[in-house]
Amino acid sequence: MRTSLLSVPRRHRVQGAKALVVAVVAFVVGTTFAVVGTAVAWLGFDGRASFAVGPSLLQVLAVGLYEALVAVLSVGVAFATRHPAGALSILVALLWALPSILLGLGGPTLADVNDRLPHGAGDHFMRVGAEAPYPPVTAVLIVAAWAATAHLIGLYVLRRRDA
């Protein structure tokens, strides 16, 4: 990190470049694994399920987009915490533990809260054609807002406490 900041003293450029690279790699890897998963499912169902090209392609792209947004969120959290254990703790709590607790406790209010978390919103736009409390575009914007917020906090921390 020190070398990056010495080479490019503009903090926001370093953070943006890291987020862009991570987003592209995560999108490519996410879509690749989604294609492999769809192919394996198609073979496993042995013709007993429909895998129309249009919805399958949309779902593959949605998985790639969600993976890219979560990767960008992770970069923002990493810049904000400046410690691997702290970043991992926040991400596990935000993406796995908190949604599991909210859905496990049940109730419409907790389900609404879960729908506004990155995992819940991502789940809504990755399930192409499924019923959701809001349209897929809104779900993408919710996850993007979480990623943008993490980056703004990370940029604030980066500017206040240099590497």
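Further up the page is the structure itself.
Scoring rules and cut-offs
- Residues numbered from 1 in each chain as written.
- Predicted model: local features only at pLDDT ≥ 70, side-chain atom pairs only at ≥ 80, totals over all residues.
- Heavy atoms only, no water.
- Core = buried A, V, L, I, M, F, W, Y, C linked by side-chain atoms within 4.5 Å.
- Buried < 20%, exposed > 50% of the residue type's maximum accessible area, 1.4 Å probe, protein only.
- Helix = DSSP H or I, 4+ residues; strand = E, 2+ residues; numbered from the N terminus.
- Contact = heavy atoms within 4.5 Å.
- Axes fitted to C-alpha atoms, helices over the stretch in contact; angles between N-to-C directions.
- Parallel < 35°, antiparallel > 145°, perpendicular 65-115°, else oblique.
- Left-handed = near helix turned anticlockwise from the far one by under 90°.
- Nonpolar A, V, L, I, M, F, W, Y, C, P; charged D, E, K, R; others polar.
- Phe/Tyr/Trp six-rings, centres within 6.5 Å; stacked < 30°, edge-to-face > 60°.
- Salt bridge = Lys/Arg side-chain N within 4 Å of Asp/Glu carboxyl O.

### As for the nonpolar core
Phase 1 of the analysis: Grouped together as the largest cluster of nonpolar side chains are 28 residues, with contacts concentrated most on Y66, L73, V77, L95, A121, F125 and V143.
Phase 2 of the analysis: Among the secondary structure elements, those contributing two or more residues to this core are α2 (11-45), α3 (53-81), α4 (84-105), α6 (118-126) and α7 (136-160).
Phase 3 of the analysis: For this core, the leading source of residues is α3, giving ten residues.
Phase 4 of the analysis: Those residues in contact with V143, other than ones at most four positions away along the chain, are Y66, L69, P118, A121, G122 and F125.

### Looking at the environment of V63
Phase 1 of the analysis: With respect to the element layout, V63 can be found in helix α3.
Phase 2 of the analysis: Distance from V63 to L94, taken between C-alpha atoms, is 18 Å for residues 31 residues apart in sequence.
Phase 3 of the analysis: Leaving out residues up to four positions away in the same chain, V63 has contacts with G30, A34 and M126.

### Side note on the packing of α6 against α7
Phase 1 of the analysis: Following both chains from N to C, one finds α6 and α7 inclined at 150°, their axes separated by 8 Å at the closest point. In this view, α6 runs roughly antiparallel relative to α7, as classed from their interaxial angle. Like other packed secondary-structure pairs, α6 and α7 cross with a definite hand, here left-handed. Within the contact between the two elements, α6 uses P118, A121, G122, H124 and F125 and α7 uses P136, A139, V140, I142, V143 and W146.
Phase 2 of the analysis: The residue inventory of the contact of α6 with α7, partitioned by class, reads nine nonpolar, two polar and no charged.

### Details of the packing of aromatic side chains
Phase 1 of the analysis: As enumerated under the stated definition, the model contains two aromatic pairs in all.
Phase 2 of the analysis: Consider the rings of F45 and F51, whose centres lie 6.0 Å apart with planes at 50°: the pair is tilted.
Phase 3 of the analysis: Classification of F51 as partly exposed rests on a relative accessible area of 28%.
Phase 4 of the analysis: Relative to F125, the ring of Y66 has its centre 6.1 Å away and its plane inclined at 70°; by these criteria the two rings are edge-to-face.

### A word on the pattern of salt bridges
Phase 1 of the analysis: Counted under the stated rule, the structure contains one salt bridge.
Phase 2 of the analysis: Note that R127 is salt-bridged to D123, the shortest N-O span being 2.9 Å.

### Here we look at unusual backbone geometry
Note: most peptide bonds trans; most residues except glycine with negative phi.
Phase 1 of the analysis: For R82, which is not glycine, the phi torsion reads 60° and is therefore positive.
Phase 2 of the analysis: Assignment of secondary structure puts R82 in the loop between α3 and α4.
Phase 3 of the analysis: On the accessibility criterion, R82 (38% relative accessible area) is partly exposed.

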